[in-house]
Amino acid sequence: MTASRLHFVRHGEVHNPARVLYGRLPDYHLSTAGRGMAVAAAEHVAESGRPVSALYSSPLERAQESAEPFAEGFDLVPEIDIRLIEPTNVFEGTQMRRSLMNPLNWWHLRQPALPSWGEPYSSIAERMLGVMDEAWDEAADGDVVMVSHQAPIWITHLRVAGLPLRHDPRTRRCALSSVTSFERVGDVWREVAYAEPAATGGAVDVGAV
């Protein structure tokens, strides 16, 4: 058996009052609102009526916490997979707006198509497609849920759609606790749905982090 549908879920809002680009830094947890967003995402997937047979999560705290409502609702233990993690970023731990005002940092922006400030987009796409293929083939009948981050999910969307991977991070369609859904026909992935079930209007931390 293979899966029926694979859902990428972005984590909920993080408690980040200093507006730090936290990247892979530890100890960044969901805010109270973020936990509610994660519940809304799990409820949205449950409303389809299809069983969820496998649950995966990035190792970062905010992703694991966002996976908890899925674990509880579908009686699953999330599998932690490093391939779902946030990309590396030289600006990690800084306030992005201030960093961009410093001419010494402009060197890191010299090749946005790669991008030169972190993990290449092509590398992100390959690791994401790798975990997707493995999970799809290993799953029992039912859906697969993977909790990840904005950049990996958006890069996966671009690769599956056959679009250039180069993009402006500010234009990503990947809201907090959004659900981007895929199906695989043969060896070909296709995106079949996108939903924003969580109320994010009052969120403070909504950026590409």
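Look up a bit, the structure's there.
Everything in this summary refers to the structure shown in the same document. Everything quoted here is computed from the prediction, not taken from an experiment. (Residues numbered from 1 in each chain as written. Predicted model: local features only at pLDDT ≥ 70, side-chain atom pairs only at ≥ 80, totals over all residues. Heavy atoms only, no water.)

### Some thoughts on the pairing of strand S6 (residues 188-195)
Of the strand pairs in this sheet, strand S5 (residues 179-185) and S6 are connected by 7 bridges, and their pairing is antiparallel. What sits directly across from Ser 181, in S6, is Ala 193. Here S5 hands over to S6 after 2 residues, with Gly 186 in that stretch at a positive phi of 65°. (Pairing = 2+ DSSP bridges. Helix = DSSP H or I, 4+ residues; strand = E, 2+ residues; numbered from the N terminus.)

### Quick word on the packing of aromatic side chains
Counted according to the given criterion, the structure contains 3 aromatic pairs. Sitting over the ring of Tyr 194, Arg 173 keeps its end group 4.0 Å from the ring centre. (Phe/Tyr/Trp six-rings, centres within 6.5 Å; stacked < 30°, edge-to-face > 60°. Lys NZ or Arg CZ within 6 Å of the ring centre and 35° of its normal.)

### Some details on the packing of helix H4 (residues 121-138) against helix H5 (residues 150-161)
The relative placement of two packed helices is expressed as an angle between their axes plus a distance between the axes. Their axes nearest at 9 Å, the elements H4 and H5 cross at an angle of 85°. On the basis of their axis angle, the class for H4 and H5 is roughly perpendicular. In this structure, H4 contributes Tyr 121, Ser 122, Ile 124, Ala 125, Glu 126, Met 128, Leu 129 and Met 132 to the contact, and H5 contributes Pro 152, Ile 153, Ile 155, Thr 156, Arg 159 and Val 160. Residues of the contact of H4 with H5, tallied by class, amount to 10 nonpolar, 2 polar and 2 charged. (Axes fitted to C-alpha atoms, helices over the stretch in contact; angles between N-to-C directions. Parallel < 35°, antiparallel > 145°, perpendicular 65-115°, else oblique. Contact = heavy atoms within 4.5 Å. Nonpolar A, V, L, I, M, F, W, Y, C, P; charged D, E, K, R; others polar.)

### Some words on H5
Over its 12 residues, H5 runs 17 Å from end to end, which matches the ideal 16 Å to within 8%, given 1.5 Å per residue. When you tally the buried positions in H5, you get 9 out of 12 residues, the bulk of the element. For H5, the complete set of buried residues consists of Gln 150, Ala 151, Pro 152, Ile 153, Trp 154, Ile 155, Thr 156, His 157 and Leu 158. Buried residues along H5 sit in contact with strand S1 (5-10), H4, strand S4 (143-148), S5 and S6. (Expected span 1.5 Å × (residues − 1). Buried < 20%, exposed > 50% of the residue type's maximum accessible area, 1.4 Å probe, protein only.)

### Remarks on the pattern of salt bridges
Under the definition given, this model contains 15 salt bridges. One salt bridge in this structure joins Arg 62 and Glu 86, with 3.0 Å as the shortest N-O distance. Within this pair, whereas Arg 62 is found in helix H2 (residues 61-74), its partner Glu 86 is found in the loop between strand S3 (79-80) and helix H3 (96-101), the two being separated by 24 residues in sequence. Per residue, the accessibility class of Arg 62 equals that of Glu 86, and both read buried. Note that Glu 126 and Arg 159 form a salt bridge whose closest N and O atoms lie 2.7 Å from each other. In this pair, Glu 126 sits in helix H4 while Arg 159 sits in helix H5, placing the two residues 33 residues apart along the sequence. Residue Arg 159 is classed as partly exposed on the basis of its relative accessible area, which comes to 29%. A network of salt bridges, in which partner residues are shared, links Arg 5, Glu 183 and Arg 190. (Salt bridge = Lys/Arg side-chain N within 4 Å of Asp/Glu carboxyl O.)

### Overview of the pairing of S5
The buried fraction of S5 amounts to 6 of the 7 residues, a majority that puts the element mostly inside the structure. Looking at chain direction, S1 and S5 are connected through 4 bridges and run antiparallel. Across the sheet, Val 9 pairs through a bridge with Val 179, a residue of S5.

### Topic: H2
Between its terminal C-alpha atoms H2 stretches 20 Å, which fits the 20 Å expected from 14 residues at 1.5 Å a residue. Of all the bends found along H2, the most pronounced is centred on Ala 67 and spans about 30°, while Pro 69, a proline, follows it within four residues. In this structure, the buried residues of H2 make contact with S1, helix H1 (32-46), strand S2 (52-57) and S4. Positive backbone phi, at 55°, marks Asp 75, one or two positions downstream of H2. (Bend = angle between axes of the 7 residues up to and from the residue.)

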